[in-house]
Amino acid sequence: MCVQPFKPSLRSIFVTGEPDRDGHGPLTSAHAVRARPHEVAGSASVSSHQVIVREQFEQTEQFGQFEQFEHVHQAHENQLVRSLRAGRGALIFGEAGTGKSHLASRVLTDEGYPDQIANPSPPAVRRTVPLTTAFDGLVHALDLDGRPATADEAVIAVQDHLTPARSGTCAPLLRIDGAHLLDSASAAVIAELVRLRAITLVATARPHSASAAPWHGLWRDDVLDRIDLHALAPHETAGLLTTIVGEPVAPDVVQHLWDRSGGNVLHLRELTTGLHARSDLTRSGLAATERVRSLSITPEPVPALLTVATTELADLNDQALQALRALALLGPLTLGTLLDSVDRETVESLLHRGLIRTRPAERLPELMVEPAHNLLREALLSTTPPDQRQEILQEAAGRGANGGVLGRQAVLLLLSKGWPLGYATIRSAVAEAFAHRRPDEVVWLIDATFGPTGSNRLSTIETITLLLDRAEAHRLLSHTDAALDDIAELLPQLRGAVAAAPADARLPMLVLTAARLRADLEQHDRDDLDAALSSLAEANQWMAELPTSGDSDQPRIELEVSRLRHLGYAGRHRDSGPRSLDLLGEIADPRVALPLVYPTGLGLLQAGRFEETWNIAARYRAAIAAGSDVHGDAAAELAALGVLAHLGAGEIDQLEAMTPTRFENPPTGAPWLNAQVGAGLTAAARGTWSQAQSKLGPVHEHLDLHGPPGIGAYARGVEALAAAAGGEPARAQDLLTAVRAMARSQTAVLSGELRLLRLDTMLWLRAPSLPRAARALASWAHLSGLMRIEMEALHRSLVLDLRAGRPPYDGVLERLRQLRAHLASPRVDALLSHAEALVRTDADLAGIAERQLNERGLWLPPGPQTRHLTPREREVAALARARLTSRTIATRLGVSARTVDSHLASVFAKLGVSSREELTHALR
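The structure presented is a predicted model; accordingly, all values stated were derived computationally and were not measured.

## Some details on the overall build of the protein chain
Line of reasoning, step 1. Across its full length, the protein chain carries 45 helices and 8 strands.
Line of reasoning, step 2. For the protein chain, the proportion of its 924 residues judged to be buried stands at 54%.
Line of reasoning, step 3. The contacts in the protein chain between residues at least 6 apart in sequence include a share of 71% that link residues at least 24 apart.
Line of reasoning, step 4. Summing over all exposed atoms, the protein chain offers an accessible surface of approximately 38500 Å²; the carbon and sulfur share of this is 51%.

Structure representation (C-alpha cells):
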C-alpha cells in the first residue's frame, strides 16, 4: 500500500555493498512522478521463463505480427502493476534482449505515467562499463553537474531530482535501467531511500547482480518485488511462432530459429520478420528436413541487432576483446583452456559484466565458458579481423592436435579447414553434440574427420567408434539407409579386429553397440524382426571368440536383454515375458535392465497383471530418480506405462488426478506426456467425446516424434473411438485406417489394446459381423496369453449376442469367471458384474453394473434410437444415462448447467420420454 513519503535524516544513509558490474545498457536518466493512488492487497515475487519485448511497432507494418510478442505471458506485467499500485516497486532481472526495459515501459505506459518516464530516450553517450567511483552512478543517472562528496549530499541530489507526490499518499517513482552498473555508493543510497519508503523504485539489471548487495537484501527483506526474465524455451518458441503464423511451424524451422537466438526474445523477433507470410515454414509445407537448409531465414547478422550488441563491447581492453572473440569463434571452451590465454582478473571482469556465462561441461569435471548470448556472439564474429581470426584458429589447432578439449563449433571449424586434431578432441566434441541433441552436428563432425584431407590419423578402433557414432546420429535423423551404410562399413573392420586382437578390452562393448544399433534399425525402421534377431545372434557368435574376463558376462547379458526387448516390441509377449521377468529380478544394475521395462510392462498390462506392473514401474522409477537412467527413453516409457496401467485397470479417478500436476509438468524425459494428451485420454475415459477429439487431434505428430512405441497409435485409436461415439463415422474410419497403416514396430507392442480399441469403435459404428470379430479377438488373446484382452473381448461378445436376441455361446460366462479369478482390478470386477446381470436379464442390476463400467472408463453404445440426435445431444444423453447430474455433466463438457438442461430437453422431445429414468430405458 502506498505510504506517506518520508524525508530521511541525512545521517541515516549508510554506504555499503560491492560494485555491480555488467556490460549492457546505459543508466537512463532517473525520473520521478507521483504514483497512481491504487491499492492492491499483497504482492509476491515472480520468477518466470520468458517475457515479451515491446517496441514502437505501431508505425510499422509488422505491428500486427509482433503484437503476439507482447502478450505471450501476462504474469510479469500483472506483477509489476501490483507492485506499483502497492507503492512497493520492483527489481527486474534478465539478460540482454529478454525485455526488461520494454516490460517496464509497457506497464508504465498502461498505468498512465508520462511518456518521458515510460519511454525515456537513451542518453547521448552510452556507458557500458561499471561505474566504480563513488556516486558516479548518480552523476550519470541524474545528469548532475558535480559528484556528491558524501552520502548526505547524494541523498539531497536524489531528492532534488524527484518530483514530489501531489497527494502525499505515494512515494515518487524512480526508474533506473541498468542498475547493475551503479557504483556501490550510489546503489546503497538508492536502496536506503527505498527502505525508508521515500521512493518507489523500478530498476532493471542483469541476472548476476540479483545476488549482490544491496539488491538481494531489498528482495530478501520483502521491500521490493523481484521479477526474473529468461529466454524462451524451445517449446515456448514453437508456441509463439504458431500463434504468429496461425498454424504449426515446421519443427526444423523452430529448432533453427531457437538455435540461432537461444530463445532471446529480441533476437527471435528480428529473425522472424515476415514469417507469417511464408507458407513453406508450416509443417504441411515442409516435406523434408533438407529443405530447412535452403530457407533464407535471415542468414546474415541483423544490422539493427548488431548495433545493440556491439554497445556491450565498448571500453573493453585488447585482452578481454581477444578472449571474447576466441569464445565466439571457437564456441564454448573449458575454463582452464580460457585461463591458459587470459588472466583470471579479465575473466572475472567479463563474468561481472555479464558478457560471458559458465555451464557444466558434458562428461568433464570442469566448467565451460561461452558468450552470454548468441546476439553478442554474432556481433563478435562480424567484427573479428581476418588476421586475428587466423591467429585464434592456429592456437586452437595446437591444443586440439594434442587432444585438448575444444567446443564442437571449434572442432568442426578446424576440421573443415584441414587442421589435424587428436581423437580425444574429436570424440569430446561428438559427445557434446549428442548431449545437446544435435545429431546433425555429429554427422558434420565425423564427415569432416573422414574428409578429403586425411590429416586425422585414427586407429581401427577409433574409426569404428566414430562410424558407430555417425550411424547413431543418422538413425536419430531418420536416415535409415545412411545408418545401415555406416554399419556395413564398420562391420568388416570390427570383424577383423575381433580376429586380430581379441584381447582388446574395448571390443566387447563395440560388438554389443554395433549389434544393438543394427537390430534397432532393422526392426524399428525397416520392420524386420528376423533381421534384428539375426544381427544379435551374429554378435553372440563374435562375443564367444573374445577371451573371458571378470565382467565378461555383462555384454552377453545385454545382448540377451536386447533380444527380449525386440521380441516384446514385436508383440511376442508370451515368448519374451517369463525370461524378461527373470532377468529383471536378476540384473542388479538398473541401467542394464531399463530397456526391458517398457515392453515387459505392456505385456503384463495386457495380461491383466497390474500388481507386477506397478512393482516394476516403482522400482525403476526410483532408479531413474537416483540418476541411473542411461537408456534415454526410460522416463518417457515409465510415464506411458503409468498412464496405460490406470486406464487398463479402470482407475480413472487416479488418472484424472494426474492431470493438473504431472500432465502440466511432465516428468523429465517424457515430453510426450503433456496436458493435451493426458486430458484427451481422461476425457475419453469419462465419455466426453468432443473434448477427447479436440485434445488428441492436434497431437498426433507430437506423439509420433516423442512418444514411446505404441503411444501414437493408441492415441489415434482412442480418438477413433471418440469420433465414432460422437457421431463422426467417417473420421473414425479414417483414424482406424491410419492406425492399420502404421509400421508394426510402432503398434505390435500394444497390439492387444489396439485391437480392443478397434472392436469398441466398430461397436459404436454398428459394423456387421461384430460377434464373430469379438470371438476372434478373444481367441487370439487366449493364444497370446493376454488374459485381460481376452476377458474384454468375451464381454463384448456376450453383450452383442444378448442385444441381438441370441443366447451367448456355450461357456462364455464360465470363462469370464475363470479369468476373473486370475485378474484383479476395478474394471475386471465391473465387467464380470455386468455380464452376470445381463445373463440374468435383470434390467435394474444391469443398469447399475453399466454405470460401474462407465466409472471404469468403458462406455457401451446405446440403442439405435439415438441416431436422430446431434453429436452433443448424444454425448449429454449418454452421460445422463450414467446418472450424472446436470452440474457434473456441465463441468465435464465445459458448458453451463443451463446448456445441459437445454440439450436434455431436446433429447427428451426427440425420444418421447419425460424423465431421466425413462431416458435410461430408452437408450438400452
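After presenting the structure, the write-up continues.
## Side note on the side chain of E753
Line of reasoning, step 1. Within the fold, E753 resides in helix α36 (residues 751-764).
Line of reasoning, step 2. By relative accessible area, E753 is classed as buried at 10%.
Line of reasoning, step 3. Setting aside chain neighbours within four positions, we find E753 in contact with Q606, Y714, R788 and I789.

## Quick look at empty space enclosed by the protein
Line of reasoning, step 1. Counting across every chain of the model gives 8 cavities of 30 Å³ or more.
Line of reasoning, step 2. Considering only enclosed or pocket space, the largest cavity measures out at about 320 Å³ in volume.
Line of reasoning, step 3. Lining the largest cavity are 22 residues, and of these Y714, L721, L757, R827 and G857 lie nearest its centre.
Line of reasoning, step 4. Mapped by element, the contributors of at least two residues to the lining of the largest cavity are α29 (634-649), α31 (675-685), α34 (711-725), α36 and α38 (787-803).
Line of reasoning, step 5. Ranked by residue count, the leading element in the lining of the largest cavity is α36, at 5 residues.
Line of reasoning, step 6. Grouping the constituent residues of the lining of the largest cavity by class yields 14 nonpolar, 2 polar and 6 charged.
Line of reasoning, step 7. Roughly 80 Å³ of internal volume is contained in the second largest cavity.

## Describing the pairing of strand β2 (residues 89-94)
Line of reasoning, step 1. Among the 6 residues that make up β2, 6 are buried, leaving the element largely enclosed by the rest of the structure.
Line of reasoning, step 2. Side chains G89, L91 and F93 project from β2 onto one buried face, and the interleaved A90, I92 and G94 project onto a second face that is buried too.
Line of reasoning, step 3. Relative to strand β4 (residues 200-205), β2 runs parallel, the two being bridged by 5 bridges. The residue bridging A90 from the neighbouring strand is V202, located in β4.

## Re the pairing of strand β5 (residues 225-229)
Line of reasoning, step 1. Burial analysis of β5 places 5 of its 5 residues in the buried class, which makes it a mostly covered element.
Line of reasoning, step 2. Sheet analysis places β2 next to β5, joined by 5 bridges and oriented parallel. Following the sheet pairing, L91 is matched in β5 by R226.

## Digging into the packing of helix α37 (residues 770-784) against α38
Geometry of a packed helix pair, given as the angle between the helix axes and the separation of the axes.
Line of reasoning, step 1. Here α37 crosses α38 at 160°, and the two axes come no closer than 8 Å. By the angle between their directions, the pair α37 and α38 is classed as roughly antiparallel. You can see that α37 and α38 cross each other, and the crossing is left-handed. Each of L770, P771, A774, R775, L777, A778, A781 and H782 in α37 lies in contact with α38, whose residues at this interface are I789, E790, A793, L794, R796, S797, L800 and D801.
Line of reasoning, step 2. Grouping the amino acids of the contact of α37 with α38 by side-chain chemistry returns 10 nonpolar, 2 polar and 4 charged.

## Structural notes on the environment of Q606
Line of reasoning, step 1. Note that Q606 resides in helix α27 (residues 590-607).
Line of reasoning, step 2. Q606 gets classed as buried once you look at its relative accessible area, which sits at 0%.
Line of reasoning, step 3. Note: C-alpha distance between Q606 and L786 (180 residues apart in sequence) is 5.3 Å.
Line of reasoning, step 4. The residues contacting Q606, other than those within four sequence positions of it, are H573, V749, L750, S751, G752, E753, L786, M787, R788 and I789.
Line of reasoning, step 5. At 3.1 Å, the side chain of Q606 forms a polar contact with the backbone oxygen of V749.

## Details of the pattern of salt bridges
Line of reasoning, step 1. For the structure on display, the rule yields 43 salt bridges.
Line of reasoning, step 2. Among the ionic pairs, R88 bridges to D225, the shortest N-O distance being 2.8 Å. One end of the pair, R88, is in the loop between α2 (75-85) and β2; the other, D225, is in strand β5, and 137 residues separate them in sequence.
Line of reasoning, step 3. We classify R88 as buried; its relative accessible area is 11%.
Line of reasoning, step 4. The class of D225 is buried, set by a relative accessible area of 1%.
Line of reasoning, step 5. The partner of R408 in a salt bridge is E432, with the nearest N and O atoms 3.3 Å apart.

## Brief notes about the environment of K417
Line of reasoning, step 1. As for its position among the elements, K417 is in the loop between α18 (408-416) and α19 (423-435).
Line of reasoning, step 2. For the pair K417 and A448, spaced 31 residues apart in the sequence, the C-alpha separation amounts to 9.1 Å.

## Concerning the packing of aromatic side chains
Line of reasoning, step 1. Counted by the stated rule, this structure contains 2 aromatic pairs.
Line of reasoning, step 2. With a centroid separation of 6.2 Å and an interplanar angle of 45°, the aromatic rings of Y569 and Y598 are classed as tilted. Of this pair, Y569 sits in helix α25 (residues 553-569) while Y598 sits in helix α27, and the two are 29 residues apart along the sequence.
Line of reasoning, step 3. A relative accessible area of 2% means that Y569 is categorised as buried.
Line of reasoning, step 4. By relative accessible area, Y598 is classed as buried at 1%.
Line of reasoning, step 5. Judged by centre distance (5.8 Å) and plane angle (70°), the rings of W689 and W764 are edge-to-face.

## Let's talk about the sheet that holds strand β8 (residues 367-371)
Line of reasoning, step 1. The sheet built from 3 strands is open, its strands ordered β6-β8-β7 with antiparallel pairing. The open sheet has two edge strands with one neighbour each: β6 (333-334) and β7 (356-360).
Line of reasoning, step 2. Judged from the 5 bridges that link them, β7 and β8 form a sheet pairing that is antiparallel. Bridged to P360 within β8 is L367.

## Comments concerning helix α44 (residues 897-911)
Line of reasoning, step 1. Here α44 contains 15 residues, and its C-alpha end-to-end distance of 21 Å stays within 8% of the 21 Å for a straight helix at 1.5 Å per residue.
Line of reasoning, step 2. Where α44 is concerned, the buried positions are V900, L904, V907, F908 and L911. Buried positions in α44, seen along its axis, are confined to an arc of 100° and lie on one side of it. What points out from α44, more than 90 degrees from its buried face, is the exposed set R898 and A909.
Line of reasoning, step 3. Downstream of α44 by a residue or two, G912 has a phi angle that is positive, lying close to 70°.

## Digging into α19
Line of reasoning, step 1. With 13 residues, α19 should cover 18 Å at 1.5 Å per step; its first-to-last C-alpha distance of 18 Å lies within 8% of that length.
Line of reasoning, step 2. Of all the positions in α19, only T425, I426, A429, V430, A431, E432 and A433 are classed as buried.
Line of reasoning, step 3. The positive-phi residue at the C-terminal boundary of α19 is R437, with phi of around 55°.

## Some thoughts on the packing of helix α13 (residues 318-330) against helix α16 (residues 374-383)
Line of reasoning, step 1. In contact at an axis separation of 9 Å, α13 and α16 are set at 105° when each is read in the N-to-C sense. One element, α13, and the other, α16, form an angle in the roughly perpendicular class. When α13 is examined against α16, the residues L321, L324, R325, A328 and L329 are found in contact with a partner set consisting of R377, L380, L381 and T383.
Line of reasoning, step 2. Among the residues forming the contact of α13 with α16, the class breakdown is 6 nonpolar, 1 polar and 2 charged.

## Remarks on the confidence of the model for the protein chain
Line of reasoning, step 1. Averaged over every residue, the pLDDT of the protein chain is 78; residues scoring 70 or more account for 80%.
Line of reasoning, step 2. Averaged pLDDT values over the elements of the protein chain bottom out at 34 in strand β1 (residues 46-47) and peak at 95 in α36.
Line of reasoning, step 3. Overall, residues 276-280 carries pLDDT values under 50, and its contacts beyond four positions in sequence, including any with other chains, amount to 10 contacts.
Line of reasoning, step 4. Contacts of residues 282-299 to residues separated by more than four positions or lying in other chains number 42 contacts, the stretch itself having pLDDT below 50.

## Considerations on the side chain of H566
Line of reasoning, step 1. Tracing the sequence through the fold places H566 in helix α25.
Line of reasoning, step 2. Owing to a relative accessible area of 1%, H566 belongs among the buried residues under this scheme.
Line of reasoning, step 3. The contacts of H566, once residues within four sequence positions are left out, are A519, D520, Q523, H524, L529, A532, L533 and L536.

The rules we used
Residues numbered from 1 in each chain as written. Predicted model: local features only at pLDDT ≥ 70, side-chain atom pairs only at ≥ 80, totals over all residues. Heavy atoms only, no water. Helix = DSSP H or I, 4+ residues; strand = E, 2+ residues; numbered from the N terminus. Buried < 20%, exposed > 50% of the residue type's maximum accessible area, 1.4 Å probe, protein only. Contact = heavy atoms within 4.5 Å. Areas by Shrake-Rupley, 256 points an atom, 1.4 Å probe, with all protein chains shown as cover. 1 Å grid on protein atoms, 1.4 Å probe; cavity = no way out; pocket = protein on both sides within 12 Å on 5 of 7 lines; lining within 4 Å. Points joined across faces, edges and corners; volume = space filled by probe spheres on them. Nonpolar A, V, L, I, M, F, W, Y, C, P; charged D, E, K, R; others polar. Pairing = 2+ DSSP bridges. Axes fitted to C-alpha atoms, helices over the stretch in contact; angles between N-to-C directions. Parallel < 35°, antiparallel > 145°, perpendicular 65-115°, else oblique. Left-handed = near helix turned anticlockwise from the far one by under 90°. Polar contact = N/O pair within 3.5 Å; in protein donor to acceptor, adjacent residues only side chain to side chain. Salt bridge = Lys/Arg side-chain N within 4 Å of Asp/Glu carboxyl O. Phe/Tyr/Trp six-rings, centres within 6.5 Å; stacked < 30°, edge-to-face > 60°. Expected span 1.5 Å × (residues − 1). Arc of directions from axis to C-beta. pLDDT = per-residue confidence, 0-100.

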